[in-house]
Structures are given as structure tokens and as C-alpha cells.
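Report on the structure
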Amino acid sequence: MTALREKFPALPDVVRYLTSRPVRRGFLWDCFDAGIAAALVGDPDTARDHFERVLRENPLAPWMVEAQEKARELHAIAPDRDAVTAWVARAVDSCRSKLGLDPVPLAIS
């Protein structure tokens, strides 16, 4: 964890890394993550570009259909940084709850 925080001290550093990776067909989560990160720093055009790549994937499994539904929702709200931040907070809370973990405050900046 410490090494990652040193490599990526701020969210814009994460965005630069995620959006600079080559697009690999079949690696849906690469574009999904890059889209979320771009939306969180207020770059809706880049976010939408990455979400559109997720939507172009052939949904071969139910989890892919679900990921594409989320990508559609995020594509629509990408220009609204507050809405994306709220979406991410709900998603993190949901995952933590399913894992039996306590909620934590999210610091997204």
C-alpha cells in the first residue's frame, strides 16, 4: 500500500497512469477504472471515451452485462463530478458491507 501511495500520491497521478495504458480488447475493467478516475478529476470527455470502450465489448457473461449497465450510468453522469463521487461512495460502501467491513469516509480529491 505504501509503495502505491508513493507511486500515485494524488488522483490525477492515477488518472494519468490508467488513461495512458494501451487499450486491450477483452480487458473491460481497464477502461472502466480509467473512466471512473477521469470523471472523478473532472474530465468527462476522457471518462466517456473509456466508458464507450466498455460498452463496445461483447458481453460474454452476466457480470459483463452488469458492468456495461454501470458504464452506461456513469457515461450519463460523467460531466457531474459530484454525482460520480456519490456513485463511487455508494459502490465502495456496498462492497465493504458485503465483505462485512465497517464503512469508511471517502476522501476523493
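What this report covers is the structure whose coordinates are included nearby. (Residues numbered from 1 in each chain as written. Predicted model: local features only at pLDDT ≥ 70, side-chain atom pairs only at ≥ 80, totals over all residues. Heavy atoms only, no water.)

Turning to helix 4 (residues 44–56), a few remarks are in order. Look at helix 4: 18 Å from first C-alpha to last across 13 residues, which is about the 18 Å you get at 1.5 Å a residue. Taken as a whole, helix 4 has its buried residues at Ala47, His50, Phe51 and Val54. Take helix 4 and look down its axis: the buried residues cluster within an arc of 100 degrees, on one side only. Relative to its buried face, helix 4 has exposed residues pointing more than 90 degrees away, namely Asp45 and Arg56. Check the buried side of helix 4 and you find it contacts helix 2 (11–20), helix 3 (28–40) and helix 5 (62–77). (Helix = DSSP H or I, 4+ residues; strand = E, 2+ residues; numbered from the N terminus. Expected span 1.5 Å × (residues − 1). Buried < 20%, exposed > 50% of the residue type's maximum accessible area, 1.4 Å probe, protein only. Arc of directions from axis to C-beta. Contact = heavy atoms within 4.5 Å.)

Turning our attention to the pattern of salt bridges. For the structure on display, the rule yields six salt bridges. Residue arginine 21 is joined to aspartate 30 by a salt bridge in which the shortest nitrogen-to-oxygen separation is 3.8 Å. Between arginine 25 and glutamate 57 there is a salt bridge, and its shortest N-O distance comes to 3.7 Å. Note that arginine 25 is positioned in the loop between helix 2 and helix 3 and glutamate 57 in the loop between helix 4 and helix 5, a separation of 32 residues in sequence. Residue arginine 25 is classed as exposed on the basis of its relative accessible area, which comes to 60%. (Salt bridge = Lys/Arg side-chain N within 4 Å of Asp/Glu carboxyl O.)

Function-wise, these values are silent; they only describe arrangement.
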